[in-house]
Amino acid sequence: MHRQFFIWVALFAIVAYCLYQLSGVLLPFVAGITLGYLLDPLADKLERLGLHRLGATFLILFLFLVGLVLLTLMLVPILAHQFMSLVDNLPALASKLQSLIASGSLYLQDHGGEVLKKLGLSDSLTTTDIQNSLGTLIAEGSAYLIGLLRSLWFGGQALFGVFSLLVVTPVVAFYILLDWRRMIAAVDGWVPLEHRADVRAIARDIDKALAGFVRGQFIVCVFLGLWYGVGLTLVGLNFGFLIGMTGGFLSFIPYVGSLAVLIFSMAVALVQGWPDWSLMTFTFGVVVSGQFLEGNVLSPNLVGASVGVHPVWIIFALLAFGTLFGFTGLLVAVPFAAAAGVVMRFTLRKYLVSPLYTGEPETPSSYPAPRSVKTIA
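Throughout what follows, the structure given in this document is the object of discussion. (Residues numbered from 1 in each chain as written. Predicted model: local features only at pLDDT ≥ 70, side-chain atom pairs only at ≥ 80, totals over all residues. Heavy atoms only, no water.)

1. What about the overall build of the protein?
- Broken down by element type, the protein carries 13 helices and zero strands.
- In sequence order, the secondary structure elements of the protein are arranged as α-α-α-α-α-α-α-α-α-α-α-α-α.
- A burial count over the protein gives 34% of its 377 residues as buried.
- Within the protein, contacts between residues at least 6 apart in sequence are counted, and of these 70% link residues at least 24 apart.
- A total accessible area of about 23400 Å² is found for the protein, and carbon and sulfur atoms account for 73% of it. (Helix = DSSP H or I, 4+ residues; strand = E, 2+ residues; numbered from the N terminus. Buried < 20%, exposed > 50% of the residue type's maximum accessible area, 1.4 Å probe, protein only. Contact = heavy atoms within 4.5 Å. Areas by Shrake-Rupley, 256 points an atom, 1.4 Å probe, with all protein chains shown as cover.)

See the structure below:
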């Protein structure tokens, strides 16, 4: 038993090392596998309706690529125009935002001097200090953002990677859709007979977690991107569509997408509409309503509560894999987090019925363990 454990650990370490070394060329393969996994249920449904697997695969990929091209042709010009406009106006926006915050701090000094004095801040806060601090904060934030984007680009999308993403991804997705069942059957045949029942149970739970989170969260992100983008555009917010679509894309990281939309949209609304509060009110309403729909309607029905992946665990996985593998790491972080959570819960269940925990002779146990066992991931 111990020997098998060390063999599996060594195998996992070798695979992790190889993935790290090849991270620069993995992006089209990861994207293709992800796309194939997302579309596999649709292929199964068409096959049950009488369509051959090969025909179903061709039809699904053709419709998907046509829809993707049309969506790109509609969205990319708008996003590119707003992005360039944002870059051109960013210095002016930052300067005006600094002035508004400095004016607010000066007003606070004049009308809240007693409170600031009790906090020991009245002598240390000056308009010049606040403007300098804000300038430094904005400069450092911009440098960090540029560095992050640069690391993601060179970590997962070099020039060869961009070309291969467009060419290799559809090919990989095609073969994944076509041969999914045969690949699963082949892998199942490699599992030692002694552990096959446990491995199949773990695989079913991993598939359930991935289906619940990845497929559901993908739909949630698309909806939120359109909701924020269209809503902010309709209320008249500058760069609203760009901010909304970016926030929808970031929504696969729990809380990050909505928080980013709220901060950036409110900052732009403050600069654009000051001293009128109506734009800020409408902007806040769009973001809050989108978050309400996501938390009370979309996620409970599309993602579900049975995924069993804690948001903190997902955030950690995204940060760790993004640092190690760049953009490719962001694609595999959530599946890894879901799979690792399932394995950790299975290991905990085994431990709680083992002699190491109970102090009693080992007795046969089945998977899964009692529902009362608390999860840690």
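2. Structural notes on the nonpolar core
- Core analysis: the biggest nonpolar cluster contains 23 residues, and Ile206, Leu210, Leu318 and Val334 have the highest contact counts within it.
- When residues of this core are traced back to their parent elements, those giving at least two are helix 7 (196-234), helix 11 (311-325) and helix 12 (327-352).
- When residues of this core are assigned to their parent elements, the largest contribution, eight residues, is made by helix 12.
- With 20 residues, the next largest nonpolar core counts Leu93, Val261, Val286 and Val287 among its residues. (Core = buried A, V, L, I, M, F, W, Y, C linked by side-chain atoms within 4.5 Å.)

3. Comments concerning helix 8 (residues 240-250)
- Along helix 8, eight of the eleven residues are buried, which leaves the element largely enclosed by surrounding structure.
- Considered for burial, the residues of helix 8 that qualify are Gly240, Phe241, Leu242, Ile243, Gly244, Met245, Gly247 and Gly248.

4. Here's the deal with the packing of helix 8 against helix 9 (residues 256-273)
- Two elements in contact, helix 8 and helix 9, have axes separated by 7 Å at closest approach and are oriented at 160 degrees. Classed by the angle they form, the pair helix 8 and helix 9 counts as roughly antiparallel. Once helix 8 is placed against helix 9, the crossing between them reads as right-handed. Across the interface between the two elements, Ile243, Gly247 and Leu250 from helix 8 touch Val256, Gly257, Ala260, Val261, Phe264, Ser265 and Val268 from helix 9.
- Looking at the contact of helix 8 with helix 9, its residues break down into seven nonpolar, three polar and no charged. (Axes fitted to C-alpha atoms, helices over the stretch in contact; angles between N-to-C directions. Parallel < 35°, antiparallel > 145°, perpendicular 65-115°, else oblique. Left-handed = near helix turned anticlockwise from the far one by under 90°. Nonpolar A, V, L, I, M, F, W, Y, C, P; charged D, E, K, R; others polar.)

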